[in-house]
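# Fold and contact review
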Amino acid sequence: MPQIKKKGQAGQAKNFITRTQAVRKLQISLPDFRKLCIWKGIYPREPKDKRKIIKAANASTTFYYTKDIQFLLHEPLLQKFREQKVLEKKISKALGRGDISDAKRFERNAVRPEKTGKPRYTLDHVIRERYPTFIDALRDLDDCLSMLFLFANLPSTSTVPAKMIARCERLCLEFQHYLIVSHSLQKSFLSIKGIYYQANIQGEDILWVVPYRFNQRVLGDIDFRIMGTFIEFYMTLLGFINFRLYTSIGLKYPPKFDQTKDEQAGELGAFTLEGVNLVSEEDQTKLLTNGTAEHGPDPKVQAEVDKLVRQLKDGESNGEVDVVANDGAAEDGAEDEEKTTDALDKFEPAAPGGDVLPQPSYSSNDPGSLFSKCTFFLSRETPRQPVEFILRAFGCKRIGWDAVLGEGAFTNNELDPTITHQIVDRPVVQAAMGEGGDGEDNQTSQKLGPNQRVPGRIYVQPQWVWDSVNDEELKRPDQYAPGAQLPPHLSPFVQNLRGQYDPTVPLEEQQTEAEALEADVSDAEEDEELEDGDDSLAVKAAAEGMDIAGSEEDESEGEDDNGSFDGFSEGEEVEEDEEEEVSAALQRQLELEAELTGNTVKSKQEDAKTKAKAEARKALQKKAKDEAEELDRAKGMLSKKKRKLFEQMIYSNSKKSAEDLKLREKRRKIEKELAKGKTQ
């Protein structure tokens, strides 16, 4: 006789387990269960039918996979949590007995983990389990960096201790030092949320956001216990990653940390890197690390490597000479082949109107040395931390700022003659005319007198740094001069697709025929209003001061015409007649204005441009109507399923085109306002 299956022992009921059952099975508290699930990467699951698992299940019931909970049974952290629970019970029992001395002893042991009290646990084994390879850890680094940079800018509270904030800041600064030395930073963008950075580390693109250095308000509706659990995991993860990155480029980890410089807002300058090769880039390394490296490569090994490289170069050159001597024709053929192979392949669209791929090009400049020949001075109002990081990451070796901004500057003297660029972020200050002044604006700090600017120095706004980095070239400084209207700061992470609005392309190349026609009509109407503005004002004044006999007759004639109108059977004929009536009324109004002013009336036949535009508008309307009819006929040939998909596609495309139309109209208005301002 086959065994009878009992309810709840097969199928979905066996594969899923509720949160309450999981907590009872693991014999830990609910907060510890949440911690364990976050660290181990176990998340709630949604079954297809909750009623088949438990009859009393409702919408708020949380389910987990039974295999995941069984996997947690062998976790070493469970024993640590149980030891902590035992210690808390001992303290509560001592307080219940009134034995305060035992309770204090237990508390002292709990505060000092080096004694036999509160157990200290580590998450090293969890990191190794979740990320078996280093590439897996790099792929999960985006959220890690965003969270750690966020907590590094928070104020210390009871829920966010100061030690946690200090450790987050230190780990972030160590990661920034790696980006500076390896030149891995690629792009950056200033947004409302914060500053976005993108770096390429071992072929993986990593994008994270850093909040601005404002006074953060810690709200009470945020559960910092859950966020603190993530931070504890991310701090361990970033420590592992920093160690691997530093050792991969020959640096010691952790770097030397100067507490006094850090207290004086040194930040990046508080670290000293060791193990860098100082043979060719001695000055650069000294400036980056604020010191000298103690351990370099072995001179004997370096000499042998140089000798081998020289031998290889000599062998290649001798071989080329032999080939040239033996066969001159082969040389000509090889040159022709080199000429043909040196040319880069171009990615042309397979069909007309296809997407145009970015074309390859030889990079003449190294982005990592973009600011290597510049010496910067940061004014006090500029954000020192992000500007310093970006400049150092792209090759700048000498950065100075005022002493009030902190330690680690190349120079605190604003009048240093070696400074080539000064970053200023204050509005234009008009200087008063003095005896020796020339009336120029004062854009330097208060150390300089009125009307004084350091000759030979370039003054730019901070956006110049970001735009130069994203375009991989030094932008024109006159566009970013203090007080100048800055060009638009576009996101380098957005890829413009064909047919979408592109702010970098002129408006005439993006707008449709209908938009261009409407824009021409509106421009022509505005020009006519500007030309006839005085005449229309005179007409209005005269009309208010006198009674016009002809107007009453015209109104009565219009009423008679409207009353005698019987209508048409065709809708198109009705529209044409309405347009004719409107045009006739406008013609009568023009005649009345001409009688009052004594000017001649421009006949309708003389205005050829208006007639041509009207005909073009009718042709566009007819073309759109024909396309709509053809689309309806094509939809009728489709099946019901394909028709719904096609209509959904049309809806999404029309929605995108409407958004693009709004952006183009907004840009058209801005350009008109700017043109009017220039003419005035």
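Everything that follows concerns the structure shown earlier in this document.
Below is a summary of the structure that appears in this document. Here the structure is a predicted model, which means the values were calculated and not measured.

Strand order in this open sheet of 3 strands is β3-β4-β5, and the pairing throughout is antiparallel. Two strands bound the open sheet, and with one partner strand each, they are β3 (185–190) and β5 (204–210). Taking the axes of each pair of neighbouring strands and ignoring which way they run, one obtains an average angle of 15 degrees across the sheet. Here 7 bridges tie strand β4 (residues 195–201) to β5, and the two strands are oriented antiparallel to one another. By the bridge assignment for β5, Tyr196 is matched with Val209.

This structure, assessed with the given rule, holds 0 disulfides. Sulfur of Cys172: no disulfide; nearest cysteine sulfur belongs to Cys168 and is 6.5 Å away. When its relative accessible area of 2% is taken as the criterion, Cys172 is described as buried.

Counting 89 residues, the largest nonpolar core has Trp208, Phe371 and Leu391 as its most contacted members. Discounting residues that sit within four places of it in the chain, Phe371 has contacts with Phe376, Leu391, Phe394, Gly395, Cys396, Trp464, Val465, Ser468, Val469 and Leu474.

Looking at the element boundaries, Gln461 is found in the loop between β11 (458–460) and α17 (463–471). Looking at Gln461, its side chain comes within polar contact range of the main-chain oxygen of Ala481, at 2.8 Å. Polar side-chain contacts of Gln461 include one of 3.5 Å to the backbone oxygen of Ala484. Not counting the four nearest positions on each side in its chain, Gln461 is found in contact with Ile423, Val424, Asp425, Tyr480, Ala481, Pro482, Gly483, Ala484 and Leu486.

A word on the packing of helix α9 (residues 141–152) against helix α11 (residues 224–248). Following both chains from N to C, one finds α9 and α11 inclined at 115 degrees, their axes separated by 9 Å at the closest point. As summarised for this structure, α9 and α11 are arranged roughly perpendicular, according to the angle between their axes. The hand of the α9/α11 crossing is left-handed. Packed against α9, whose contacting residues are Leu141, Asp143, Cys144, Leu145, Met147, Leu148, Leu150 and Phe151, the element α11 presents Phe224, Met227, Phe230, Ile231, Tyr234, Met235, Leu237, Leu238 and Ile241 at the interface. Per-class residue counts for the contact of α9 with α11 are 16 nonpolar, no polar and 1 charged.

For the pair helix α2 (residues 19–26) and helix α3 (residues 30–40), the least separation of the axes is 10 Å and the interaxial angle reads 95 degrees. Comparing their axes, α3 and α2 come out roughly perpendicular. Taken together, the residues of α3 that come into contact with α2 (itself represented by Arg19, Ala22, Val23 and Leu26) are Leu30, Phe33 and Arg34. Each residue belonging to the contact of α2 with α3 can be placed in one class, and the counts come to 5 nonpolar, no polar and 2 charged.

Turning our eyes to something else, we now look at the environment of Lys93. Assignment of secondary structure puts Lys93 in helix α5 (residues 77–97). The exposed category is assigned to Lys93, whose relative accessible area is 55%. Separated by 10 residues in sequence, Lys93 and Ala103 have C-alpha atoms that sit 8.3 Å apart.

The subject of this paragraph is a negative patch on the surface. A cluster of acidic side chains, namely Asp626, Glu627, Glu629, Glu630 and Asp632, defines a negative patch on the protein surface. The residue Glu627 is located in helix α22 (residues 608–636) in this model. In this structure Glu627 comes out as partly exposed when scored by relative accessible area, which is 46%.

Position of Thr18 among the secondary structure elements: in strand β1 (residues 16–18). Here Thr18 is in contact with Ile54, Thr61, Thr62 and Phe63, once residues within four sequence places are set aside.

Attention shifts here to α9. With 12 residues, α9 should reach 16 Å at 1.5 Å per residue; the first-to-last C-alpha distance of 16 Å fits that figure. Inspection of α9 places Leu141, Cys144, Leu145, Met147, Leu148, Phe149, Phe151 and Ala152 among the buried residues, and these make up the whole buried set. Contact partners of the buried residues in α9: α8 (134–139), α10 (162–182), β5 and α11.

This next bit is on the pattern of salt bridges. Tallied over the entire structure, the rule returns 17 salt bridges. A salt bridge links Arg392 to Glu388, with the shortest nitrogen-to-oxygen separation between them at 3.2 Å. Here Arg392 pairs with Glu388, and both are found in helix α16 (residues 384–393), just 4 residues apart, close to one helical turn. Assigned by exposure class, Arg392 and Glu388 land together as buried.

The next point concerns unusual backbone geometry. Cis geometry is adopted by the peptide bond preceding Pro254, which originates at Tyr253 and carries an omega value of 0 degrees. Inspection of the secondary structure puts Pro254 in the loop between α11 and β6 (256–257). Within the chain, Gln202 stands out as a residue other than glycine whose phi angle is a positive 55 degrees. By secondary structure assignment, the location of Gln202 is in the loop between β4 and β5. Using a relative accessible area of 44% as the deciding quantity, one classes Gln202 as partly exposed.

Further remarks concern the pairing of strand β8 (residues 375–378). Covered by surrounding structure in β8 are Thr375 and Phe377 together with Phe376 and Leu378, the residues of both alternating faces. In this region the chain leaves β8, passes through α16 and returns to the parallel neighbour strand β9 (residues 398–401); the handedness of that crossover is right-handed. For β8 and strand β10 (residues 421–423), the ladder comprises 3 bridges, and the chain directions are parallel. Residue pairing across strands places Leu378 opposite Ile423, the latter belonging to β10.

As a further point, take the pairing of β3. Both β3 and β4 contribute to a ladder of 5 bridges, which runs antiparallel. From the neighbouring strand, Ser188 faces β4, where its bridge partner is Tyr197. Linkage of β3 to β4, two consecutive antiparallel strands, is achieved through a turn of 4 residues.

The strand order β9-β8-β10-β11 describes an open sheet built from 4 strands, whose pairing is parallel. Looking along the sheet, the strands with just one partner apiece sit at the ends: β9 and β11. Within the sheet, the average angular offset between the axes of one strand and its neighbour, ignoring direction, is 25 degrees. Of the strands in this sheet, β8, β9 and β10 touch α16, which is tilted by about 165 degrees from β9.

A separate point is the packing of aromatic side chains. Applying the stated rule across the entire model yields 20 aromatic pairs. Geometrically, the ring pair formed by Phe149 and Trp208 is stacked, given 6.5 Å between the ring centres and 20 degrees between the ring planes. With a gap of 59 residues between them, Phe149 in helix α9 and Trp208 in strand β5 connect regions that are remote in the sequence. Trp208 shares its class with Phe149; the two are buried. Ring plane angle 70 degrees and centroid distance 6.3 Å describe the contact between Phe243 and Tyr253, whose orientation is recorded as edge-to-face. In this pair, Phe243 is assigned in helix α11 and Tyr253 in the loop between α11 and β6, connecting sequence segments 10 residues apart. Classification of Phe243 by relative accessible area gives partly exposed; the value is 46%.

Cut-offs used in this document
Residues numbered from 1 in each chain as written. Predicted model: local features only at pLDDT ≥ 70, side-chain atom pairs only at ≥ 80, totals over all residues. Heavy atoms only, no water. Pairing = 2+ DSSP bridges. Helix = DSSP H or I, 4+ residues; strand = E, 2+ residues; numbered from the N terminus. Axes fitted to C-alpha atoms, helices over the stretch in contact; angles between N-to-C directions. Disulfide = S-S within 2.5 Å. Buried < 20%, exposed > 50% of the residue type's maximum accessible area, 1.4 Å probe, protein only. Core = buried A, V, L, I, M, F, W, Y, C linked by side-chain atoms within 4.5 Å. Contact = heavy atoms within 4.5 Å. Polar contact = N/O pair within 3.5 Å; in protein donor to acceptor, adjacent residues only side chain to side chain. Parallel < 35°, antiparallel > 145°, perpendicular 65-115°, else oblique. Left-handed = near helix turned anticlockwise from the far one by under 90°. Nonpolar A, V, L, I, M, F, W, Y, C, P; charged D, E, K, R; others polar. Patch = residues over 30% accessible without salt bridge, like charges linked within 9 Å, V, L, I, M, F, W, Y side chains within 5 Å. Areas by Shrake-Rupley, 256 points an atom, 1.4 Å probe, with all protein chains shown as cover. Salt bridge = Lys/Arg side-chain N within 4 Å of Asp/Glu carboxyl O. Lys, Arg positive; Asp, Glu negative; His and termini not counted. Charge placed at Lys NZ, Arg CZ, Asp CG, Glu CD. Expected span 1.5 Å × (residues − 1). Right-handed = clockwise from strand over helix to strand, strands pointing away. Phe/Tyr/Trp six-rings, centres within 6.5 Å; stacked < 30°, edge-to-face > 60°.

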